[in-house]
Amino acid sequence: MDTLSNIVRKYLTENGISDKFFEKYIGCSQSTCSKWFSHKVKLTPEQLEKTHEFLKGKHIKTIEEVLEGE
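Calculation rules
Residues numbered from 1 in each chain as written. Predicted model: local features only at pLDDT ≥ 70, side-chain atom pairs only at ≥ 80, totals over all residues. Heavy atoms only, no water. Helix = DSSP H or I, 4+ residues; strand = E, 2+ residues; numbered from the N terminus. Buried < 20%, exposed > 50% of the residue type's maximum accessible area, 1.4 Å probe, protein only. Lys, Arg positive; Asp, Glu negative; His and termini not counted. Salt bridge = Lys/Arg side-chain N within 4 Å of Asp/Glu carboxyl O. Contact = heavy atoms within 4.5 Å. pLDDT = per-residue confidence, 0-100. Axes fitted to C-alpha atoms, helices over the stretch in contact; angles between N-to-C directions. Parallel < 35°, antiparallel > 145°, perpendicular 65-115°, else oblique. Left-handed = near helix turned anticlockwise from the far one by under 90°. Phe/Tyr/Trp six-rings, centres within 6.5 Å; stacked < 30°, edge-to-face > 60°. Lys NZ or Arg CZ within 6 Å of the ring centre and 35° of its normal.

Caption draft 1: The side chain of Glu23, seen in detail. As for its placement among the helices and strands, Glu23 is situated in helix α2 (residues 19-26). Although Glu23 lies buried, it forms no salt bridge, and the closest oppositely charged side chain, Arg9, sits 6.8 Å away as judged by the N-O distance. What Glu23 contacts, discounting residues up to four positions off in sequence, is Cys28, Ser29, Gln30 and Cys33.

Caption draft 2: Structural detail: the pattern of salt bridges. Tallied over the full model, the rule gives three salt bridges. Glu53 serves as the salt-bridge partner of Lys50, at 3.5 Å between the closest nitrogen and oxygen. One end of the pair, Lys50, and the other, Glu53, are both in helix α4 (residues 45-55), three residues apart, so they sit about a helical turn from each other.

Caption draft 3: How the structure looks around the confidence of the model for the protein. Per-residue confidence for the protein averages 94 on the pLDDT scale, and 97% of its residues sit at or above 70. The weakest mean pLDDT in the protein belongs to helix α5 (residues 63-68) at 89; the strongest belongs to α4 at 97.

Caption draft 4: Representation of the packing of helix α1 (residues 4-15) against α4 in the model. Look at α1 against α4: their axes get within 11 Å of each other, and the N-to-C directions meet at 40 degrees. The pairing of α1 with α4 is recorded here as oblique in orientation. α1 and α4 meet at a crossing whose hand is left-handed. Residues Leu4, Ile7, Val8, Tyr11 and Leu12 of α1 form the contact with α4, whose own contacting residues are Leu48, Thr51, His52, Phe54 and Leu55.

Caption draft 5: Summary view of the environment of Lys35. Looking at where Lys35 falls in the secondary structure, it is placed in helix α3 (residues 30-37). Apart from the residues lying within four places of it in its own chain, the contact partners of Lys35 are Lys40 and Val41.

Caption draft 6: Quick peek at the packing of aromatic side chains. Taken as a whole and assessed by the stated rule, the structure comprises seven aromatic pairs. Where Phe21 meets Phe54, the ring centres are 6.2 Å apart and the plane angle is 55 degrees; that geometry is what we call tilted. Separated by 33 residues along the polypeptide, Phe21 in helix α2 and Phe54 in helix α4 bring together distant segments of the chain. Ring pairs connect the aromatic residues Tyr11, Phe21, Phe22, Tyr25, Trp36, Phe37 and Phe54, which therefore count as one cluster. If you follow Arg9 out to its NZ or CZ, it ends over the ring of Phe37, 4.0 Å from the centre. In this structure, Lys50 packs its charged tip against the face of Tyr25, placed 4.3 Å from the ring centre.

Set out below in structure tokens:
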């Protein structure tokens, strides 16, 4: 059975995205996210919402956003 954490793990691996980037995006400490991936803790409702946004690609910046940040 694919849990959300397993799906996120596959998504990160397939897209070459680091755990650190994901952790920063959803506002999760490294230790908490590590425990979440191991099914030892649950994320907060806010972190779960950000996780779903992440999986929908909302973390990807457009070229305009990248250039604007220079």
